[in-house]
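Chain and residue survey
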Amino acid sequence: MQQWTCGPAVLPHLTDEEIKHNLSFGHQNLGVLQVVTAHLTSDASWLGRDAAEVKAKLVEVLINYRSSGLPANAPEKSPVFQAMCDHAALPMPQEGFKGTKKRLTDLQLEYLMDEMRGFPEIGEEVEDLQKKCHVTICGSGVHGISVALRCQRQGIPYTILERDTDLSGTWHQNIYPGVRCDTPSITYSFSSDPNPNWKYYFAYGPEVKEYLKNLCDRYGITQNVVTEATVESATFDENSSMWQVKYHKDREVKFIDSNVFVAAVGQLSNPFIPKIPGQELFEGQACHTARFIRDLDFTGKNVVVMGTGASAMGICPEIQKVAKHLTIFQGTPQWYVEIPNHKVEISPEEQCCMRFVPFYERWYRFQTLRQILASYVDVLTSGSEANTMLEEELTKYIKRKVNFRPDLVEKMVPKYPPICTRMLVDNNWCTMMLEENVTLINSRAKEIGKNEVFGPNGEAVPADVIIYATGFQSTRFCTASLKVFGKGGVELSEDWGLEPTAYLGLTRPNFPNFFMTYGPNTNVSSGGSIIWCAEIAGRYIGECVASMLRKGYKELAVKHEVHDEYNHYLTQELKWTAWDDQRCVSWYKSGKFGKVTNNLPMGLEEFWARTRVNLEDFNKK
Ligand SMILES: Cc1cc2nc3c(=O)[nH]c(=O)nc-3n(C[C@H](O)[C@H](O)[C@H](O)COP(=O)(O)OP(=O)(O)OC[C@H]3O[C@@H](n4cnc5c(N)ncnc54)[C@H](O)[C@@H]3O)c2cc1C
């Protein structure tokens, strides 16, 4: 039975005055308020009314709900459901998305409603067979947590091994000033466990960490996490059909045997630091953004930042405020968009709406995802009208923001189409370039000395601190973190060579009962949040394990032909995307010919549909 995860009724303890107050003050999303009012009254005319009318009506409706204690109807049961869906595609003025006139396809709607329900379990619970199984999960970021959530719900015993001192992965490791989400917080949360307490529309790192830690405490996941446990390898034993996981903890080598092994180690957890001549001579402080030295103070210092990707975008404006001078070495210029509410706090009143107005949070999420579904194909298509228009708009934007300064325009406007690299959110990047204490060098650093970094022409830049915002070993996937030996002792990094592939990014032939998350071609780079990938992966893996238990299989290994056919399809699909453009260098590309190995070349709904487990895809034992 599919259940709605939130929004059944108004909290009974709210007084009439509190309900009025929360709807009268603070910013609320008008489009969402209109949909919610139409939903609760079953009257589509509310979709066209103004804010004052809608709010007054909603107060009346909520007081009635509060007094009656009756639950609200599920959205799809509403007689005005289709009108609500269409309306939820209108522009969101505060959020910076454009409206769409496209109607959702049946598949898109089916997917969205499943997400709105929190991706409920498929099939029945696994009962007495549970004791016969154990799952080891390596990594406690959002993917590890998602798999653990599924195991927890199905009663399947599991252990998470985490090499760091605390859980939450990216959000524990990235503590540099300014670290934050660049996807909306409302979608950077599990659909099954929305967070009504987000303080910002785009949450800062510590807020995300707090959300994930609370979630793990609430579901009892925390007690199954072993921290400071570094997995060295996982080896499949063909006689027992078990994985032997070797790890280091407390300076001892330990082993754990499991039926299923999941490498949930992320694409962005192993920093990449380029080798630069003289690096070891440097006498100042130096660190990668993901290994930031706590309390590192930039005040009055000459700071050099290598890189201009997402992490540089986050940290540089913070450094500029206090540093004597900030010099940025740019390998690749970036495209970025302005999002009006990027740094805006969610008002306490709107937080209350998220919490107590039935379906406000759900429709907000629906609206955000709806925009992503609508724009995915057009803007991503290389050479399309939408992509060309975006390039023109963004070029104008950069020029205007840097006051048409020719030197900055020349350096900052990319010479490849937008979306080809990760689209960033402008974090005062352009305006920061106009400050006197900032220099942008359009090249990688050539050499490093004791107290300086040398530019392409040998010019010396004084440096007290060097920050490497140089990204991660993204294209090695889990093989950057550990060794995985499948059937016949084959090692994963050798098996897939320089162009990693997997079926659904999750599993590979010859590696039975092994799953990787955030694997090859799963990155939703053109919208959507990685928590979405994590939920999809968690459900797939949970369902595979449950199927093994129900049917009594010891092994599930994806068939070669299924893997090959899927990857042939991906290769064809990638050809029309801007990611494949030969002019740009990005962390999505791998191998000799720059194959796009990281991104998912299909809409959210298609991947959602493909990741319903089909046991015919597997060889079984
Ligand atoms: C600064 C930053 C901002 C980001 N912002 C966004 C955003 O706004 N929206 C978005 O969708 N995505 C964002 N991302 C991408 C982000 O990586 C994903 O959203 C998500 O956190 C990935 O989760 P994960 O579980 O796959 O991996 P991670 O969070 O990287 O977790 C992997 C875990 O595995 C552990 N591990 C690795 N190797 C081993 C080993 N051998 N033994 C034991 N443990 C191991 C690591 O310590 C880590 O805790 C951002 C990434 C960064 C770096």
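Conventions used here
- Here, residues in each chain are numbered from 1, in the same order as that chain's written sequence.
- Whole-chain, interface and lining totals are the exception, using all residues; otherwise, since this is a predicted model, local features are given only for residues with pLDDT of at least 70 and side-chain atom pairs are given and counted only at 80 or more.
- The way it works is that DSSP assigns letters per residue, a run of H or I at least four long becomes a helix, a run of E at least two long becomes a strand, and they are numbered from the N terminus.
- Values of the radius of gyration come from C-alpha atoms, whereas the globule rule sets the reference at 2.2 Å times the count of residues to the power 0.38.
- Backbone-placed C-beta atoms define the burial measure: a residue is buried with 20 or more other C-beta atoms within 10 Å of its own, exposed with 12 or fewer, and partly exposed in between.
- For every residue pair, C-beta atoms are placed from the backbone, and the pair is scored as a contact if these atoms sit within 7 Å.
- With axes taken as lines fitted to C-alpha atoms, and helix axes fitted only over the stretch in contact, angles between N-to-C directions fall between 0 and 180 degrees.
- An angle below 35 degrees is treated as roughly parallel, one above 145 as roughly antiparallel, one from 65 to 115 as roughly perpendicular, and anything else as oblique.
- Put simply, a crossing is left-handed when the front helix is turned counterclockwise from the back one by less than a right angle, and right-handed when it is turned clockwise.
- Pairing between two strands requires that DSSP report at least two bridges joining them.
- For every residue, the predictor assigns a confidence score, pLDDT, that lies between 0 and 100.
- Note on handedness: a crossover is taken as right-handed if, strands pointing away from the viewer, the path from the first strand over the helix to the second is clockwise.
- Any set of buried Ala, Val, Leu, Ile, Met, Phe, Trp, Tyr and Cys residues joined through C-beta atoms within 7 Å is what this text calls a nonpolar core.
- Source of the domain bounds: an automatic or database domain assignment.
- For each residue, a C-beta atom is positioned from the backbone; the residue is called near a molecule or strand if that atom sits within 6 Å of it.
- Put simply, Ala, Val, Leu, Ile, Met, Phe, Trp, Tyr, Cys and Pro go in the nonpolar bin, Asp, Glu, Lys and Arg in the charged bin, and everything else, Gly too, in the polar bin.
- Expected span, for any helix, means 1.5 Å times one less than how many residues it has.

**Let's talk about the overall build of the chain**
Within the chain one finds 18 helices and 23 strands. Its C-alpha radius of gyration of 25 Å places the chain within 12% of the 25 Å reference for a compact globule of 621 residues. Its C-alpha atoms give the chain principal-axis dimensions of about 75 × 70 × 45 Å. In the chain, buried positions account for 49% of the 621 residues. Within the chain, residue pairs in contact and separated by at least 24 positions form 74% of the contacts whose partners lie at least 6 positions apart.

**Topic: the packing of helix α2 (residues 30–41) against helix α3 (residues 51–68)**
The N-to-C vectors of α2 and α3 enclose an angle of 45°; their axes lie 10 Å apart at closest approach. Relative to α3, α2 is oriented oblique. Crossing geometry of α2 relative to α3 is assigned as left-handed. Here L30, L33, Q34, V36, T37, L40 and T41 of α2 come into contact with α3, specifically with A51, V54, K55, K57, L58 and V61.

**Some words on the environment of K132**
One can find K132 in the loop between α5 (106–116) and β1 (135–138). Residues K132 and C181, spaced 49 residues apart in sequence, show a C-alpha to C-alpha distance of 40 Å.

**Focus: the sheet that holds strand β3 (residues 225–226)**
If you walk across this open sheet you meet the five strands as β3-β2-β1-β7-β19, and the pairing is parallel. In this open sheet, the two strands that pair with only one neighbour each are β3 and β19 (514–516). Across four bridges, β1 lies against strand β7 (residues 260–263) in parallel orientation. Its bridge partner being in β7, V135 is matched across the sheet by V260.

**Some words on the confidence of the model for the chain**
Low pLDDT marks stretches whose predicted atomic positions should not be read closely. Residues of the chain with pLDDT of at least 70 account for 94%, and the chain-wide mean is 91. Within the model, pLDDT remains below 50 along residues 5–9, and this stretch shows 20 contacts once partners closer than five positions in the same chain are excluded.

**With respect to unusual backbone geometry**
Most peptide bonds are trans, and most residues other than glycine sit at a negative phi. For F119, which is not glycine, the phi torsion reads 45° and is therefore positive. Relative to the elements of secondary structure, F119 occurs in the loop between α5 and β1. For F119, a count of 22 C-beta atoms within 10 Å gives the class buried. The phi angle at N510 is positive, at roughly 75°, despite the residue not being glycine. One can find N510 in the loop between α15 (492–496) and β19. A count of 17 C-beta atoms within 10 Å places N510 in the partly exposed class.

**What to know about the environment of N73**
For N73, the location among the structural elements is in the loop between α3 and α4 (81–87). Classification of N73 as partly exposed rests on a count of 16 C-beta atoms within 10 Å. In this structure the C-alpha to C-alpha distance between N73 and V562, which are 489 residues apart in sequence, comes to 41 Å.

**Details of the pairing of strand β10 (residues 325–329)**
With respect to burial, β10 is a largely interior element, five of its five residues being buried. Here β10 shows no split at all, with H325, T327 and F329 on one side and L326 and I328 on the other all buried. Relative to β10, strand β9 (residues 302–306) is paired through five bridges, and the arrangement is parallel. Within β10, the position partnered with V304 by the bridge is T327. Assessed by its sense of winding, the connection that carries the chain from β9 through helix α9 (residues 310–322) to β10 is right-handed.

**Quick look at the nonpolar core**
The biggest cluster of nonpolar side chains holds 121 residues, and the ones touching the most others in it are V36 and V262. A per-element tally of this core places helix α16 (residues 530–551) first, with 13 residues. Split by domain, the residues of this core number at least three in each of domain 1 (2–117 + 350–372) and domain 2 (129–266 + 473–620). Beyond its immediate chain neighbours, meaning those up to four positions away, V36 contacts L58, V357, F359, Y360 and W363. With 48 residues, the next largest nonpolar core counts Y176, L326, L394 and V402 among its residues.

**Let's talk about the site of the ligand**
In the vicinity of the ligand there are 33 residues, among which G139, G141, G169, G266 and I530 approach most closely. Counting residues per element, the ones that place at least two in the shell around the ligand are α6 (142–154) and β4 (230–237). The leading source of residues in the shell around the ligand is α6, at three residues. Of the residues contributing to the shell around the ligand, the split by class is 13 nonpolar, 16 polar and four charged.

**Describing α3**
In a regular helix each residue adds 1.5 Å, so 18 residues correspond to 26 Å; α3 covers 25 Å between its end C-alpha atoms and thus fits that length. Residues of α3 that are buried: V54, K57, L58, V61, L62, Y65 and R66. Tucked inside the fold, the buried residues of α3 contact α1 (16–24) and α2. Phi turns positive, to about 70°, at G69, one or two residues after α3.

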